[in-house]
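Fold and geometry: a report
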Amino acid sequence: MSRFNSQEWIPRTSLGKMVLEGQLTSLIEIFNQGYKIQEPEIIDTLIPDLQQEVLDINLVQKQTDAGEKSRFKALVVVGNYDGLFGLGVGKAKQVRAAIQKATVDAKLNVTPVKRGCGSWECGCRDPHSIPFLVVGKCGSVRIQLLPGPRGLGVVAGEVAKKIISFVGIKDCWSKSYGSTRTVPSFAFATYDALKNTYRIVSPTDWQG
Ligand SMILES: [Zn+2]
């Protein structure tokens, strides 16, 4: 479906044009140059094997002058199981439209995650976990992700576990605080933590 869309895609941004014309073929290059991705087709083109899943759907009711207005709010995760993932929300009157908006939002939020093995119990060099402890927060929710040994699995709440697996991380520990039952906050705290794997410069950056 994404390939079909990209064939009909007429880019609106210069970055989109460069991607469509094949002048830019690497997402990492786009991130390194600090471009802001404004078209989901850029992601469709550069990550054709991107997977997606709906994490949460909520009916949001709001009292307005015209009466009660209800809309669906969807939360979607996208990822390639290989170090790239995004998280997005979308609101609409219909569930389907809310999911579509959330999917576009998730694609525009795609971010790289640094994987590695920072587990003292393991010490291998494969990127099955994360390289060091990272922390993320959203609202009252805070989450810590810690490197884990091979074979551990992802030890985290259901939503965090799903998101972490979309990144391609197989083993890690987690600790969370605050109202982790609020799915969007828990999800965005996890997103924040995973994104932070690129904010810290680790000593391994200077090795080999
Ligand atoms: Zn390891």
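Reading the values: rules and limits
Throughout this description, residue numbers start from 1 for each chain and increase along the sequence as written. At least 70 in pLDDT is required for a residue's local features to be given in this predicted model, at least 80 for side-chain atom pairs to be given and counted, and no such filter applies to totals for whole chains, interfaces and linings, which use all residues. Hydrogens and water are ignored here; the side-chain numbers use all heavy atoms of the structure. Numbering goes from the N terminus for both helices and strands, where a helix is a DSSP run of H or I of at least four residues and a strand is a run of E of at least two. Note on contacts: a residue pair is in contact if any heavy atoms of the two residues lie within 4.5 Å. To be clear on the numbers: accessible area is Shrake-Rupley with a 1.4 Å probe, and residue cover counts the displayed protein chains and nothing else. Under this rule, positive means Lys or Arg and negative means Asp or Glu; His and the chain ends count for nothing. Every charge is mapped onto a representative atom, which is NZ of Lys, CZ of Arg, CG of Asp or CD of Glu. Strand pairing is defined by DSSP finding a minimum of two bridges between the two strands. Orientation is described by lines fitted to C-alpha atoms, with helices fitted over the stretch in contact, and by angles between N-to-C directions that extend from 0 to 180 degrees. Note on classification: 1.4 Å probe, protein chains only; a residue is buried when its accessible area is under 20% of the maximum for its type, exposed when over 50%, partly exposed between these limits. Here a polar contact means two N or O atoms within 3.5 Å. Within protein one must be a hydrogen donor candidate and the other an acceptor candidate, and residues neighboring in sequence count only if both atoms are side-chain atoms. Here a donor is an N, O or S atom found within 2.8 Å of the metal, or within 3.2 Å if the metal is Na, K or Ca; sites may look incomplete because water is not among the atoms. Every geometry call rests on angle ranges, with four donors termed tetrahedral when all angles are between 85 and 135 degrees, four termed square planar and six termed octahedral when opposite donors are over 155 degrees apart and all others are between 65 and 115, and everything else termed irregular. Salt bridges are defined by distance alone: a side-chain nitrogen of Lys or Arg within 4 Å of a carboxyl oxygen of Asp or Glu.

What about the overall build of the chain?
What the chain contains, in helices and strands, is 7 helices and 7 strands. A principal-axis box enclosing the C-alpha atoms of the chain has dimensions of 60 × 45 × 25 Å. At a minimum sequence separation of 6, the contacts of the chain that also span at least 24 residues come to 57%. About 11700 Å² of surface is accessible on the chain, with carbon and sulfur atoms providing 49% of the total. The averaged location of the 19 negative side-chain charges in the chain is 5 Å from the averaged location of its 26 positive side-chain charges.

A short note on the sheet that holds strand β5 (residues 134–138)
The antiparallel open sheet is built from 3 strands, whose spatial order is β5-β6-β7. Each having just a single partner strand, β5 and β7 (172–177) make up the two edges of the open sheet. Strand-to-strand twist of the sheet, defined as the mean angle between neighbouring strand axes without regard to direction, takes the value 20°. The sheet contact formed by strand β6 (residues 141–147) and β7 spans 6 bridges and is antiparallel. Within the sheet, the bridge partner assigned to Leu 146 lies in β7 and is Trp 173. Against the sheet, helix α7 (residues 183–195) makes contact with β5, β6 and β7, and its axis sits at roughly 145° relative to β5, the strand it touches most.

Some words on the side chain of Thr 197
Within the element layout of this structure, Thr 197 appears in the segment after α7. A relative accessible area of 0% means that Thr 197 is categorised as buried. Here Lys 114 takes part through its backbone nitrogen, which lies 2.9 Å from a polar atom of the side chain of Thr 197. Within polar-contact distance, the side chain of Thr 197 engages the backbone oxygen of Leu 194 at 2.6 Å.

Focus on the coordination of the zinc ion
Around the zinc ion, the protein contributes the donor atoms Cys 117 (SG), Cys 122 (SG), Cys 124 (SG) and His 128 (NE2), at 2.1 to 2.3 Å from the metal centre. One way to put it: the 4 donor atoms around the zinc ion meet at angles of 100 to 114°, and that makes the site tetrahedral. Along the chain, the residues that donate to the zinc ion are spaced as C-x4-C-x1-C-x3-H.

Regarding the sheet that holds strand β4 (residues 111–112)
Spatially, the 4 strands line up as an open sheet ordered β1-β2-β3-β4, and their pairing is antiparallel. Whereas interior strands pair on both sides, the edge strands pair on one side only; in this sheet they are β1 (51–64) and β4. As paired elements, β1 and strand β2 (residues 67–79) share 13 bridges and run antiparallel to each other. Looking at the pairing, Gln 52 lines up with Val 78 of β2.

Section: the environment of Gly 16
Following the sequence through the fold, Gly 16 ends up in helix α2 (residues 14–20). Residue Gly 16 is classed as buried on the basis of its relative accessible area of 0%. Along the primary structure Gly 16 and Val 60 are separated by 44 residues, whereas in three dimensions their C-alpha atoms are 34 Å apart. Setting aside its immediate chain neighbours within four residues, Gly 16 contacts Trp 9, Pro 11, Glu 39 and Ile 42.

Details of the pattern of salt bridges
Opposite charge on two side chains allows them to pair when their charged atoms are near. Scanning all chains against the criterion turns up 4 salt bridges. Of the charged contacts, one joins Arg 115 and Asp 82 as a salt bridge, the two residues approaching to 2.8 Å between their closest N and O atoms. Note that Arg 115 is positioned in the loop between β4 and β5 and Asp 82 in the loop between β2 and β3 (84–92), a separation of 33 residues in sequence. With relative accessibility at 47%, the residue Asp 82 sits in the partly exposed group. Note that Asp 126 and Arg 150 form a salt bridge whose closest N and O atoms lie 2.6 Å from each other. Remark: Arg 150 occurs in the loop between β6 and α6 (158–167) and Asp 126 occurs in the loop between β4 and β5; sequence separation between them is 24 residues. Since its relative accessible area comes to 38%, Asp 126 is described here as partly exposed.

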